[in-house]
Amino acid sequence: MAHPVIEADECIACGVCVDDCPQGVLELQDVATVTDEDSCIACGVCVESCPAGAITEIAED
Ligand code: SF4
Ligand code: SF4
């Protein structure tokens, strides 16, 4: 399944990706966390919206 790869060390916990994901895949815990991987449609919105560059890719596995 597709899922975003989040570098926790880079995440500033701004919540932008959580708000921008059209599928509700992400939740802000201590850092952005994938909580509903099955819903990810690999649209790439979270990668583009992260101001910290913490979401490096959409992995397909
Ligand atoms: S790739 Fe799209 S659907 Fe998947 S987590 Fe990012 S914004 Fe959400
Ligand atoms: S947009 Fe980037 S920095 Fe902000 S919560 Fe998401 S992963 Fe973290």
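Residues numbered from 1 in each chain as written. Chains lettered and ligands numbered in written order. Predicted model: local features only at pLDDT ≥ 70, side-chain atom pairs only at ≥ 80, totals over all residues. Heavy atoms only, no water.

Going by what an unreviewed UniProt entry lists, the chain is known as 4Fe-4S dicluster domain-containing protein and is assigned to Enorma shizhengliae.

Caption draft 1: Region of the structure containing the overall build of the chain. Looking only at helices and strands, one finds two helices and four strands in the chain. For 61 residues, the compact-globule formula gives about 10 Å, and the C-alpha radius of gyration of the chain, at 10 Å, lands near that figure. Across the 61 residues of the chain, 31% fall into the buried class. The long-range share in the chain, meaning contacts at least 24 apart out of those at least 6 apart in sequence, stands at 54%. A total accessible area of about 3,600 Å² is found for the chain, and carbon and sulfur atoms account for 45% of it. (Helix = DSSP H or I, 4+ residues; strand = E, 2+ residues; numbered from the N terminus. Rg over C-alpha atoms; globule rule 2.2 N^0.38 Å. Buried < 20%, exposed > 50% of the residue type's maximum accessible area, 1.4 Å probe, protein only. Contact = heavy atoms within 4.5 Å. Areas by Shrake-Rupley, 256 points an atom, 1.4 Å probe, with all protein chains shown as cover.)

Caption draft 2: A look at the site of ligand 2. Residues in contact with ligand 2 amount to 14 residues; listed here are only the nearest, C11, C14, G15, C17 and C50. In the shell around ligand 2, the residues fall into 13 nonpolar, one polar and no charged. (Near = heavy atom within 4 Å. Nonpolar A, V, L, I, M, F, W, Y, C, P; charged D, E, K, R; others polar.)

Caption draft 3: Highlighting the site of ligand 1. Close to ligand 1 lie 13 residues, the nearest being C21, C40, C43, G44 and C46. Taken together, the residues of the shell around ligand 1 sort by class into eleven nonpolar, two polar and no charged.

Caption draft 4: Examining the side chain of H3 more closely. Assignment of secondary structure puts H3 in strand 1 (residues 2-6). In contact with H3, other than residues within four places in its own chain, are E37, C40, E57, I58, A59 and D61.

Caption draft 5: Highlighting the pairing of strand 1. A large share of strand 1 lies buried, amounting to four of its five residues. Pairing geometry for strand 1 and strand 4 (residues 55-60), over five bridges, is antiparallel. Bridge assignment links V5 to a residue of strand 4, and that residue is E57. (Pairing = 2+ DSSP bridges.)

Caption draft 6: Focus on the environment of E57. Mapped onto the fold, E57 is located in strand 4. Sequence-distant contacts of E57, defined by excluding residues within four places in its chain, comprise H3, P4, V5 and V47.

Caption draft 7: Layout of the side chain of S49. Note on placement: S49 falls in helix 2 (residues 45-49). Once residues within four sequence positions are removed from consideration, S49 is found in contact with V16, C17 and D20.

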